[in-house]
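Structural description and commentary
Below, each chain spelled out in residue letters.
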Amino acid sequence: MAQDDLNKLTIDKKRYSPASGGSPWRSRIIAASLVILLCLALFAWAARRSVQVEVATVSLVYPSQTFSLLNASGYVVAQRKAAVSSKATGRLEWLGVQEGSVVRQGELLARLENRDVAAQKGEAAASVSAAEKNLEQARVEQKDAARNLARMRELVSQGIVAQADYDTAEARYQRAVTSSSAAQANLKGASSALQGAEASLDYTLIRAPFDGVVLTKNADVGDIVSPLAAAANAKAAVVTLADMGSLEVEADVSEANLGKVRVGQPCEILLDALPEARFRGALQTIVPTADRSKGSVLVKVRFIDQDKRILPEMSAKVAFLERELKPGEGRPRIAIPPAAVVKRDGKEFVFVVAGDRARQTPVTLGGKLGDMVEVVSGIKAGDRIATKPLDKLKDNSRVKAAEK
């Protein structure tokens with residue numbers, strides 16, 4: 001009985017052998033599925049992997065930068081500038097300009113109290129009028145004495161009148177001539193006094209010495225104006241005036257680089273206040289002395305291109321050029337490093353980086369700009385492009401940018 005029970009526990013090997021059912025196909029399917037899943041995982045990992053690239057920003061380059069010999073910094077200075085005051089001393093009664101006012105030569109800017117000087121002018125004018133009347137009277141007297149002397153000369157020659165009468169007529173004529181000369185001298189003196197009074201009156205009228213713009217207003221109505229400003233609280237100047245047509249840039253050039261500049265050399269001027277504009281200039285003067293403390297020489301560059309936005313004391317940078325700018329070279333160009341250009345199928349491309357993707361973008365190239373190349377179309381200034389490694393990039397590749 002026990003033996004029979006043990007026989008029941010025996011495993012039927014035929015029933016569970018591989019040749020007896022479909023179990024091997026199931027195993028193969030499972031293995032294939034595992035391989036496919038593994039490939040998909042590898043593909044997804046590869047897709048998520050980013051290419052480390054160096055990135056540069058597309059910039060605007062001026063052609064003049066490629067043939068600039070030397071750069072220097074300085075300031076805009078008006079070569080014709082004046083602190084306008086009065087030759088007389090007095091209280092400012094009227095002021096007709098303010099900062100920024102444009103004035104013409106001879107235009108009245110301000111006036112001092114001048115009633116006393118005006119009265120002196122009136123007195124001098126009256127003296128001139130009286131001297132003119134006296135001179136006229138003396139000339140009439142001289143003319144009458146001359147006619148009387150002529151008659152006496154004829155009568156004395158005929159023996160009609162005595163010699164004494166002739167001598168009296170001659171003496172009268174001499175007195176008339178002397179009186180006429182004295183009256184003429186008095187008139188000159190009165191005229192000179194009038195001119196002095198007019199000059200004194202004119203000294204109280206402050207006028208523009210040249211065409212220009214008022215930079216600063218140094219006095220107000222009621223202030224005492226004195227040419228020497230000797231009195232307490234007196235103002236030496238009423239306004240400061242500058243001729244905007246005489247603006248130049250004064251810059252320091254190192255002694256070691258002095259051989260690179262010459263009078264008349266073309267220049268390009270960049271103002272910190274107007275970074276979008278560049279102005280043509282020319283080297284006007286090399287000051288014939290050096291500053292031993294800075295080891296530099298002062299040069300003056302005049303503006304060829306005038307602009308109302310240019311103001312005195314603005315900071316400026318000057319580029320001394322190898323040659324003059326040609327037409328069209330004054331505008332900026334889009335430029336990129338040549339290493340960022342990829343040639344494929346006879347066309348030229350760059351990889352524009354936007355976010356975490358690099359998109360292949362066709363471009364049209366121009367000429368060389370120094371160590372850069374001009375881009376005519378395809379991208380714009382400010383775009384970020386990949387520079388390397390370009391051989392690992394395809395259109396829409398995932399990238400991780402490292403700024404250059």
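Quick note: structure is the one above.
Residues numbered from 1 in each chain as written. Predicted model: local features only at pLDDT ≥ 70, side-chain atom pairs only at ≥ 80, totals over all residues. Heavy atoms only, no water.

Right, let's talk about the overall build of the protein chain for a bit. Scanning the protein chain from terminus to terminus reveals four helices and 24 strands. Within the protein chain, buried positions represent 32% of all 404 residues. Surface accessibility of the protein chain: about 24800 Å² in total, with carbon and sulfur atoms responsible for 53%. (Helix = DSSP H or I, 4+ residues; strand = E, 2+ residues; numbered from the N terminus. Buried < 20%, exposed > 50% of the residue type's maximum accessible area, 1.4 Å probe, protein only. Areas by Shrake-Rupley, 256 points an atom, 1.4 Å probe, with all protein chains shown as cover.)

Below, the discussion takes up the sheet that holds strand β6 (residues 102-103). Taken in spatial order, the four strands of this open sheet run β4-β11-β9-β6, and their pairing is antiparallel. Two strands lie at the open edges of the sheet, namely β4 (81-84) and β6, each paired on one side alone. (Pairing = 2+ DSSP bridges.)

Tracing the chain through its elements places Lys 87 in the loop between β4 and β5 (90-95). Separated by 118 residues in sequence, Lys 87 and Leu 205 have C-alpha atoms that sit 9.4 Å apart. If we ignore the near neighbours within four places in the chain, the residues touching Lys 87 are Tyr 203 and Pro 227. A polar atom in the side chain of Lys 87 sits 3.5 Å from the side chain of Tyr 203. (Contact = heavy atoms within 4.5 Å. Polar contact = N/O pair within 3.5 Å; in protein donor to acceptor, adjacent residues only side chain to side chain.)

Within the chain, Glu 313 stands out as a residue other than glycine whose phi angle is a positive 75°. Residue placement: Glu 313 occurs in the loop between β15 (296-303) and β16 (315-321).

Let us look at the nonpolar core. Counting 25 residues, the largest nonpolar core has Val 76, Ile 269, Leu 271 and Phe 320 as its most contacted members. Looking at this core, the elements with two or more residues in it are β3 (68-78), β12 (247-254), β13 (266-271), β14 (274-291), β15 and β16. Those residues in contact with Val 76 that sit more than four places away from it in its chain are Leu 247, Glu 248, Val 249, Leu 271, Phe 303, Ile 310, Leu 311, Pro 312, Glu 313, Met 314 and Ala 316. (Core = buried A, V, L, I, M, F, W, Y, C linked by side-chain atoms within 4.5 Å.)

Over its 41 residues, helix α4 (residues 163-203) extends 60 Å from the first C-alpha to the last, a length consistent with the 60 Å expected when each residue adds 1.5 Å. Those residues of α4 hidden inside the fold are in contact with α3 (115-158) and β8 (205-207). (Expected span 1.5 Å × (residues − 1).)

In this section: the packing of aromatic side chains. Counted according to the given criterion, the structure contains one aromatic pair. Measuring from ring centre to ring centre gives 6.2 Å for Phe 279 and Phe 303, while their planes differ by 75°; the resulting arrangement is edge-to-face. Of this pair, Phe 279 sits in strand β14 while Phe 303 sits in strand β15, and the two are 24 residues apart along the sequence. Both residues of the pair, Phe 279 and Phe 303, belong to the buried class. It is Arg 323 that lies over the ring of Phe 67; its NZ or CZ is 4.0 Å from the centre. (Phe/Tyr/Trp six-rings, centres within 6.5 Å; stacked < 30°, edge-to-face > 60°. Lys NZ or Arg CZ within 6 Å of the ring centre and 35° of its normal.)

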